Amino acid sequence: MSLSLSDRLTGCLLGTAVGDALGLPYEGLSRGRGQRLLGLPNRYRLLGPYGFVSDDTEHACMTAQALIASGGIPARFADDLAWRLRWWLLALPAGIGLATLRAIIKLWLGFSADRAGVFSAGNGPGMRAAILGAAVVERDQLQELIHYSTYLTHTDPKAEQGAWVIALATRLACEQDVVSPQQFLKEVETSLDETAQELLTLIYQAVRSVEKKETTPAFAQSLGLEKGVSGYMFHTVPVVIHAWLSYPHNYEQAVQALIVCGGDTDSTAAMAGGIIGAAVGKAGIPKKYLEKLVEWPRTVDWMQRLAEQLAEARVQQCPLRPVSLPFWGVWIRNLGFMLIVLGHGLRRLAPPW
């Protein structure tokens, strides 16, 4: 499949957004309760048939903006992303991880981008990894950007290792029509050092499971995640990689398989959606999902313009002024979104259990 850089970046951002929106209603629910309460994840279920995104998509878009504004220079990228995170918090996002919240508060207190992170291996850096993997060709530059992106909020080496694996998967999905499980395993082995042995073992288990044609929910259960995939990077990443290697060009099946696992469903579906979206482009994401994604002001068209501008910036290898969003618009949207989330939370208090 021959896609332009613009197509791949568009697919990555929209794939992240659709996976995020499909998984969001199931977040925090066990595999069984999610299906009993909401049914199969074959449509949006947060507010009727309409989809809304969470912090996973917002972080991917901010990462794209920072990459455009910095021209890919790692230190400038980190500084720009740090300011975007500061203002993002002031817009009152409905969902934010504790480690990310603490890091942003430190940023507002005057800590620099390289000193604000807290010791955590949560999923935040993984939210920002796929778009970097799709946009940055040079491996050394990609590794440095992943380091800066991760360390800005999370300083546990496990967080950076997990984010790197997501970025590497996206990079390979963009470069090759077919990535075999063994080839991916070899790439991971050669790109991580001996301190990443725990993650290497998990990726090896994922590869063996894919080769045995086990389902993604069955693999998650084999890792002891029968109640859902947590927001810990070493739980999330192997399950996401399993879904991608199982369905490398079938966006819908991969995302649905992850949501069925339960747990941190918006993040797992968003990460896999970004990887596979970069491989298949916008055309490979079912149109029914794009049409019902009613985000504003971060619309589907806006995300496509952002992806196109990122492609232009990467080709020119120079900083540009990224497309922006009106702060007042984001703030109003977030207040409305918060009410929707609260209503959904109240619904969870009722049966079926």
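Below: a short report on this structure.

Calculation criteria
- Residues numbered from 1 in each chain as written.
- Predicted model: local features only at pLDDT ≥ 70, side-chain atom pairs only at ≥ 80, totals over all residues.
- Heavy atoms only, no water.
- Helix = DSSP H or I, 4+ residues; strand = E, 2+ residues; numbered from the N terminus.
- Rg over C-alpha atoms; globule rule 2.2 N^0.38 Å.
- Buried < 20%, exposed > 50% of the residue type's maximum accessible area, 1.4 Å probe, protein only.
- Contact = heavy atoms within 4.5 Å.

### Looking at the overall build of the protein chain
Then, number 1: Along its length, the protein chain carries 18 helices and 0 strands.
Then, number 2: Against the compact-globule benchmark of 20 Å for 353 residues, the protein chain has a radius of gyration of 18 Å, which places it among compact chains.
Then, number 3: In terms of overall dimensions, the protein chain has C-alpha extents of about 50 × 45 × 40 Å along its principal axes.
Then, number 4: Counting the 353 residues in the protein chain, one finds 57% classified as buried.
Then, number 5: If you take every contact in the protein chain between residues at least 6 apart in sequence, the share linking residues at least 24 apart comes to 75%.

### Things to note about unusual backbone geometry
Then, number 1: Each neighbour pair has its own omega, and for W296 with P297 the value is 5°, a cis peptide bond.
Then, number 2: Mapped onto the elements, P297 comes out in the loop between helix 16 (287-291) and helix 17 (300-316).
Then, number 3: Here P351 and P352 are connected by a cis peptide whose omega angle stands at 10°.
Then, number 4: Examined against the element boundaries, P352 turns out to sit in the segment after helix 18 (327-347).
Then, number 5: Even without a glycine there, the phi angle at Q317 is positive, about 55°.
Then, number 6: Of note, Q317 is situated in the loop between helix 17 and helix 18.

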